[in-house]
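# Chains, contacts and geometry: an overview
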Number of protein chains: 2
Amino acid sequence: MTGVVESLKAELGGEVVTTGADIPERNLKDWSGLPGQRPLALVRPRTTAEVATAMRLCHAAGVAVVPQGGLTGLVGASIAGPAEVALSLERMTGVEEIDAATATMTVKSGTPLEVIQNAAADADMFFALDLGARGSCAIGGNVSTNAGGNRVIRYGMTRDMVLGLEAVLPDGTVITSLNKLIKNNAGYDLKHLFIGSEGTLGIVTRVVLRLYPRPGSIAAAFCGLADYEAVVRLLKAARAGLGATLSAFEVMWHEFYDCMTTKATGVRAPLTGRHRLYVLMEAHGATEADGERLESFLGTMLEQGVIEDAAVAHNTAQIKAFWAIRDAVAEYTTMIGPMVGFDLGLVVNRMDDYVQECRKRVAARWPTAIGHYYGHIGDGNIHVNVHVPGADPQPKDEVNDLVYGLVREMGGTVSAEHGIGVTKRKYLPYTRSPEELALMAVIKRAVDPKNILNPGKVIEA
Amino acid sequence: MTGVVESLKAELGGEVVTTGADIPERNLKDWSGLPGQRPLALVRPRTTAEVATAMRLCHAAGVAVVPQGGLTGLVGASIAGPAEVALSLERMTGVEEIDAATATMTVKSGTPLEVIQNAAADADMFFALDLGARGSCAIGGNVSTNAGGNRVIRYGMTRDMVLGLEAVLPDGTVITSLNKLIKNNAGYDLKHLFIGSEGTLGIVTRVVLRLYPRPGSIAAAFCGLADYEAVVRLLKAARAGLGATLSAFEVMWHEFYDCMTTKATGVRAPLTGRHRLYVLMEAHGATEADGERLESFLGTMLEQGVIEDAAVAHNTAQIKAFWAIRDAVAEYTTMIGPMVGFDLGLVVNRMDDYVQECRKRVAARWPTAIGHYYGHIGDGNIHVNVHVPGADPQPKDEVNDLVYGLVREMGGTVSAEHGIGVTKRKYLPYTRSPEELALMAVIKRAVDPKNILNPGKVIEA
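Using the criterion set out here, one finds 22 aromatic pairs over all chains in the structure. Geometrically, the ring pair formed by B:Tyr257 and B:Tyr278 is stacked, given 3.6 Å between the ring centres and 15 degrees between the ring planes. Remark: B:Tyr278 occurs in strand 14 (residues 277–285) and B:Tyr257 occurs in helix 9 (residues 254–263); sequence separation between them is 21 residues. Just as B:Tyr257 is buried, B:Tyr278 falls in that class too. Ring centres of B:Tyr427 and B:Tyr430 lie 5.2 Å apart, and the angle between their planes is 90 degrees; this geometry places the pair in the edge-to-face category. Judged on exposure class, the residue B:Tyr427 and its partner B:Tyr430 are both buried. Among the aromatic residues, those joined into a ring-pair cluster are A:Phe222, A:Tyr257, A:Tyr278 and A:Phe322. The lysine or arginine in question, A:Arg408, covers the ring of A:Tyr430, its NZ or CZ lying 3.8 Å from the ring centre. Here the guanidinium or amino end of B:Arg154 rests over the ring plane of B:Tyr212, the centre of that ring lying 5.8 Å away.

Shown next, in the form of structure tokens:
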């Protein structure tokens, strides 16, 4: 194993390959909360060719490689063990091209999401992916995890925003598929192998992204509702009445809203009364006139008794204030203490059944526990946070078994947008059948027969 | 080989398995124009279990199986040779479920597209895929070829409308991934293996489709433009000004328009003057007010000199009349005679360069040749038809080499929406690199190591 470090240094140089105490702390861990580990070596290539060289050498030596993007992942997929080489894309950054006629942008995979958003805006266009870690996460990580975020109902997941990519295979082969076309049925669409496979099949080095026109208007509203049936009615009506402008449909069960509007810094309750459920809606319109549609739509919903109350944002600051309630999850640990968090998927009409049953089971096991339920319900994605007061550490395994067990019973998914990595691998069979898991292993073994690319993440080959 | 027919008959019965002259003519060929062939046997299963049984027996015997849907494919992917078993999904039809809250429909894969469109409409929803063969093509074939059609700019390809599916692997294993969630990052997204791989990796038996609300308004306009630069300006302005309502952007170079408006049955010219290029635009709005937006948008385009003239449809009959010009391609052979047709992809801003150079090369080789150019330009998809008067048969290979050769020079794709099958296999390397082709073969060999599922289609394993 020291042999491979020597050959990496010989071919790539000491500026690209570092070892031991020279490896920065940031490359030892991600946002999963798992303990950091010091890899055998850290390789920070500057070009696709250098990525290929690193993979060729590690492949020959049979040494495992763990790709790293912005290191904001929540499932431990980017942590390299002491016998593994960490390969960080952090030096491969920058926008290579913006093609206005085709509405595409070609970027290096280490580019932070926010840089891409800004570059699109500077070109009077719009890159639609957005999530809390925008300043730190890299587009290559977004692609590898098929990141979701707040605007999926309007623009889709990262997968839907990727037209082409370049990836390096475990043996160092470079697959350059920098397609810019919406339609391209020339053989198997290989990019889907690399999108969402969490760096287990290839290292993404460049990406062609789909751009949209800048929205001509952004409107947002905060609604209070009496029950979940009303939420489903509101969602259906919004899909029809606002059409494709509907860009977010976030639901919060009351515990979440009550906590955030009383405990989070600088957050104010947008509604005067209290309700059982809350919906934060946003619409991206083509024109300013579209922006006014949300208010009249909500008027109809009030008349029909679908919603109990609504506040409409009239400027960017008010829109931000609404989102602050949702985004205050970043302060969770300060507000409440340690908690066990989840990213689950369920069909829309079972969502409240899930919440009610989960509440019941959590209360039966830990009578003082705090449970929060909220999420991108328009996409069938719910986040659950459970805090057991006084427990240090939190009874993570037991909470996992309870929460994931109920997802299994109700036919949901144990990962809607965060991926599997290592922390959820145990629960993947709750969501995927033995046949599906076997087929995933067939693909993994075919593309990475030596099992050297991010081994042990997602699946056991 | 007769052994496998006997065991198929023994396990599935004579109603499911037919041979020789009992095989209907329709199962011998598709719409590619390739000569029909009589397979070893025709299997028409009624259930997924019967598909699995057929695959298990053929796999054990090492006999190849060719899946058949509506047999409307244009590249010969569904034709089974005399030593192969044809497996038709024609008896596996019907809608299994419509889930209004989740906005999904679960269907058996032999269901014709038009039946699905109508079932969605009956439930006050909308299935967005649409193409000329809607009455005959099956959804399983749409999925296997990742069908495109006229509304891709708004709703995406078939791939974007599939949330989950069930498929039978070459050895008879059933992969049931009937996911209904927009967000589901639980391991590799296996459905993408089967979508667009033309039946070479698995036989799709059931599909979960994404539905949309019914459009509240449909507006259409026919525009005349002076040059291609104006077309690109119009497309960009329409994307911004009509936003996500823009549902079609069809461009016709003048030869096509002139021919269709003078020769096709019942087609009338929507514009009084003649122009170098024509654009047929359609917008699917959420509300009736959206329908009026197209007219004011076109007013601005006229003022700015982007378009020379425009006709706006004021009712469904007028919308149909506009589309009749585009859909008259079905009458090609009657109007002009035999021709060589193409389905190509190029980036939007190179499209006219392609047309001009192609015209020049065709005229240099065949001075009296007729060339038509038209397509879904908003998606980067162009169709080309070349007719060489007096040539019987048409010099297909030579025309192919010329037209595909220019696509290769300009970095386009030899298949935007029709697939590869057998007719385009020779040209796949024009679009895909040796590394991409090798990776496709790795996937094929891993999933179908005996090479018995639609062998020789798309790629040589």
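On to the pairing of strand 5 (residues 95–99) of chain A, then. Residues and elements named next belong to chain A. For strand 5 and strand 6 (residues 104–108), the ladder comprises four bridges, and the chain directions are antiparallel. Counterpart to aspartate 99 in the pairing with strand 6 is threonine 104. Linkage of strand 5 to strand 6, two consecutive antiparallel strands, is achieved through a turn of four residues, within which alanine 103 is found at a positive phi near 60 degrees.

Before going further, it helps to examine the environment of A:Asn349. Along the chain, the position of A:Asn349 falls in the loop between strand 16 (340–345) and helix 13 (351–365). Linking A:Asn349 and A:Arg91, residues 258 residues apart in sequence, is a C-alpha distance of 45 Å.

Under the definition given, this model contains 62 salt bridges over all chains. Of the charged contacts, one joins A:Lys180 and A:Asp99 as a salt bridge, the two residues approaching to 3.1 Å between their closest N and O atoms. A residue pair is termed long-range when its members are at least 10 positions apart, and A:Lys180 in the loop between strand 9 (174–177) and helix 7 (191–194) and A:Asp99 in strand 5 qualify at 81 residues. Classification of A:Asp99 as buried rests on a relative accessible area of 6%. B:Glu25 is the partner of B:Arg38 in a salt bridge, and the nearest nitrogen-oxygen pair spans 3.1 Å. With a gap of 13 residues between them, B:Arg38 in the loop between strand 1 (17–18) and strand 2 (41–43) and B:Glu25 in the loop between strand 1 and strand 2 connect regions that are remote in the sequence. For B:Arg38, a relative accessible area of 34% gives the class partly exposed. Here the residues in one salt-bridge network are A:Asp290, A:Arg293, B:Asp290 and B:Arg293, joined through shared partners.

To continue, consider the interface of chain A and chain B. Contacts between the two partners involve 82 residues from chain A, matched on the other side by 82 residues from chain B. Carbon and sulfur atoms supply 61% of the area buried between chain A and chain B, which totals about 6,300 Å² over both sides. Ranking the residues of chain A by area buried against chain B places A:Lys183, A:Asn185 and A:Tyr188 at the top, with a combined share of 16%. For the interface between chain A and chain B, the tally reads eight salt bridges.

Calculation criteria
Residues numbered from 1 in each chain as written. Chains lettered and ligands numbered in written order. Predicted model: local features only at pLDDT ≥ 70, side-chain atom pairs only at ≥ 80, totals over all residues. Heavy atoms only, no water. Phe/Tyr/Trp six-rings, centres within 6.5 Å; stacked < 30°, edge-to-face > 60°. Helix = DSSP H or I, 4+ residues; strand = E, 2+ residues; numbered from the N terminus. Buried < 20%, exposed > 50% of the residue type's maximum accessible area, 1.4 Å probe, protein only. Lys NZ or Arg CZ within 6 Å of the ring centre and 35° of its normal. Pairing = 2+ DSSP bridges. Salt bridge = Lys/Arg side-chain N within 4 Å of Asp/Glu carboxyl O. Contact = heavy atoms within 4.5 Å. Buried area = accessible area lost by both parts, 1.4 Å probe.

Read these as layout, nothing more, since geometry by itself doesn't imply function.
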